[in-house]
Amino acid sequence: MNRYALLAALSLLGLVASAAAAPRQLLLDVDFPARDVAQVEVGDFHFRPGQKAPVHTHAAPAIGYVSKGTILYQVEGQPMQVLKAGDAFYEPAGPRILHFDNASASAEAVFTDFNLERAGDPFIVFEQQPSEKIDRRTFPTAALALPGVRGARAAALRLDRAETLRGPLLGYVAAGQVTLAGRRYRQGETFSLAAGQSAAARPIGTARAIAFTPVR
């Protein structure tokens, strides 16, 4: 992708681009059947060394980010993937997720899921109740009310100065701290902007954020 095509793609993420804008990296661009998204439910998962996720399905497409460790990920009928810290991922609605496992026998793995749910969609559906505790730490659910969402994009944004972000947008602070709309968000926390809303993200020092944007 050339420079101009990349800038055009990033502008669709709701991130204001300029000659002095902070570096951005497009991580993920996925399409799925159009759906009316009522809310985005977020879960932050901390997997112990060697811990495996039970076989499960999603009623809503999920996009996410691995912030620590290495994950073995497999959708039924597709090859195994290796996700490392800094990677974004997509879990489609419908197919069985056979593996979402911590690949390390000695280190923790941490990842965050953003589920683009219709009214009444569950966060996750297990075929059988998990036999071991899953450490899921919930974040505030974002009520976005977006009709006709047909995809999602994710980008990494390095902040060393104030950057204006525009909704609809879900964010994850991957490093450092950011103030947005009068609130401070620390590493590992999430934030959201509704459609039509904009706010300046101001880093404390240097920060890195992951922006997830529903596409209509």
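Computed from a predicted structure; not experimentally measured. The numbers attached to residues start from 1 for each chain and follow its sequence in the written order. Thresholds applied to this predicted model are a pLDDT of at least 70 for local features of residues and 80 or more for the giving and counting of side-chain atom pairs; totals over whole chains, interfaces and linings are not thresholded and use all residues. Side-chain numbers here rest on the full set of heavy atoms in the structure, without hydrogens or water.

1. Remarks on the overall build of the protein
(1) Moving on: Think of it this way: any DSSP run of H or I at least four residues long counts as a helix, any run of E at least two long counts as a strand, and we number them from the N terminus. Counting its secondary structure elements, the protein contains one helix and 19 strands.
(2) Moving on: Here's how the labels work: a residue is buried when its accessible area is under 20% of the maximum for its type, exposed when over 50%, partly exposed in between, all with a 1.4 Å probe on protein chains only. Residues classed as buried in the protein amount to 46% of the 216 residues present.
(3) Moving on: Within the protein, contacts between residues at least 6 apart in sequence are counted, and of these 79% link residues at least 24 apart.
(4) Moving on: Accessible surface, the protein: about 10100 Å² in total, of which carbon and sulfur atoms supply 50%. Every residue pair with non-hydrogen atoms within 4.5 Å of one another is taken to be in contact. For every accessible area listed, the method is Shrake-Rupley and the probe measures 1.4 Å; residues are considered covered only by the protein chains on display.

2. A word on unusual backbone geometry
(1) Moving on: The omega torsion across Gly167 and Pro168 is 5°, close enough to zero to call that bond cis.
(2) Moving on: Along the chain, Pro168 turns up in the loop between strand S13 (163–166) and strand S14 (169–175).
(3) Moving on: With a phi close to 50°, Ala145 is a non-glycine residue in the positive phi region.
(4) Moving on: Checked against the element boundaries, Ala145 lands in the loop between strand S11 (135–138) and strand S12 (146–159).

3. A short note on the sheet that holds strand S9 (residues 109–117)
(1) Moving on: Within the open sheet, the five strands sit side by side as S7-S4-S9-S2-S11. Their pairing is antiparallel. Edge positions in the open sheet fall to strand S7 (88–91) and S11, since each of these has one partner strand only. Here the average twist between neighbouring strands, direction ignored, is 25°.
(2) Moving on: Note: strand S2 (residues 39–47) against S9, nine bridges, orientation antiparallel. Paired with Phe47 across the strands is Ala109, a residue of S9. Here a strand pair is declared whenever DSSP counts at least two bridges between the two strands. A fitted line through C-alpha atoms represents every axis, and for helices the fit uses only the stretch in contact; the resulting angles, taken between N-to-C directions, go from 0 to 180 degrees.

4. A closer look at empty space enclosed by the protein
(1) Moving on: Buried and open spaces are told apart on a 1 Å grid over the protein atoms alone, a cavity being a set of points where a 1.4 Å probe fits but cannot get out and a pocket being an open set with protein on both sides within 12 Å along at least five of seven lines. Residues with an atom within 4 Å of a point are the lining residues. Grid points are joined across faces, edges and corners, and a volume is the space filled by probe spheres set on the points. Inspection of the entire model under this criterion finds one cavity of 30 Å³ or more.
(2) Moving on: Space inside the largest cavity adds up to approximately 100 Å³.
(3) Moving on: Together, Phe45, Phe47, Ala53, His56, His58, Glu91, Phe100, Phe111, Asp113, Ile124, Phe126 and Ile134 line the largest cavity.
(4) Moving on: At the level of elements, S2 and S9 are the ones that each hand at least two residues to the lining of the largest cavity.
(5) Moving on: Here the lining of the largest cavity is built from residues that sort into eight nonpolar, two polar and two charged. Each residue gets one of three labels, nonpolar for Ala, Val, Leu, Ile, Met, Phe, Trp, Tyr, Cys and Pro, charged for Asp, Glu, Lys and Arg, and polar for the others, Gly among them.

5. Some details on the packing of aromatic side chains
(1) Moving on: Any two of the Phe, Tyr and Trp rings considered here, Trp counted by its six-membered ring, make a pair once their centres fall within 6.5 Å; the pair's planes then place it as stacked at under 30 degrees, edge-to-face at over 60, or tilted in between. Tallying each qualifying case throughout the model produces 11 aromatic pairs.
(2) Moving on: Ring geometry for Phe47 against Phe111: centres 5.2 Å apart, planes inclined by 75°, an arrangement best described as edge-to-face. On the criterion of sequence distance, the pair formed by Phe47 in strand S2 and Phe111 in strand S9 is long-range, its members being 64 residues apart.
(3) Moving on: A relative accessible area of 2% places Phe47 in the buried class.
(4) Moving on: The class of Phe111 is buried, set by a relative accessible area of 3%.

6. Some details on the sheet that holds strand S15 (residues 177–180)
Neighbouring strands of a sheet are bound in pairs by backbone hydrogen bonds; such pairs are parallel or else antiparallel.
(1) Moving on: What the four strands build is an open sheet, ordered S13-S18-S15-S16; its pairing is antiparallel. Where the open sheet ends on each side, the last strands, each with one partner, are S13 and strand S16 (183–186). Within this sheet the neighbouring strands show an average axis-to-axis angle of 30°, counted without direction.
(2) Moving on: Sheet topology places S15 next to S16; four bridges connect them, and they run antiparallel.

7. Remarks on the nonpolar core
(1) Moving on: To define a nonpolar core, start from buried Ala, Val, Leu, Ile, Met, Phe, Trp, Tyr and Cys residues and group those joined through side-chain atoms within 4.5 Å. Formed by 24 residues in total, the largest nonpolar core has its most connected members in Val40, Ile63, Phe114 and Phe212.
(2) Moving on: Only strand S1 (24–37), S2, strand S4 (62–68), S9, S12, S14 and strand S19 (207–215) provide two or more residues apiece to this core.
(3) Moving on: A per-element tally of this core places S12 first, with five residues.
(4) Moving on: Sequence-distant contacts of Phe212, that is, excluding residues within four places in its chain, are made with Ile63, Gly64, Tyr65, Phe114, Arg153, Ala154, Leu169, Leu170 and Tyr172.
(5) Moving on: In terms of nonpolar packing, the next biggest core, distinct from the first, is built from 15 residues, Phe45, Tyr73, Ala109 and Ile134 among them.

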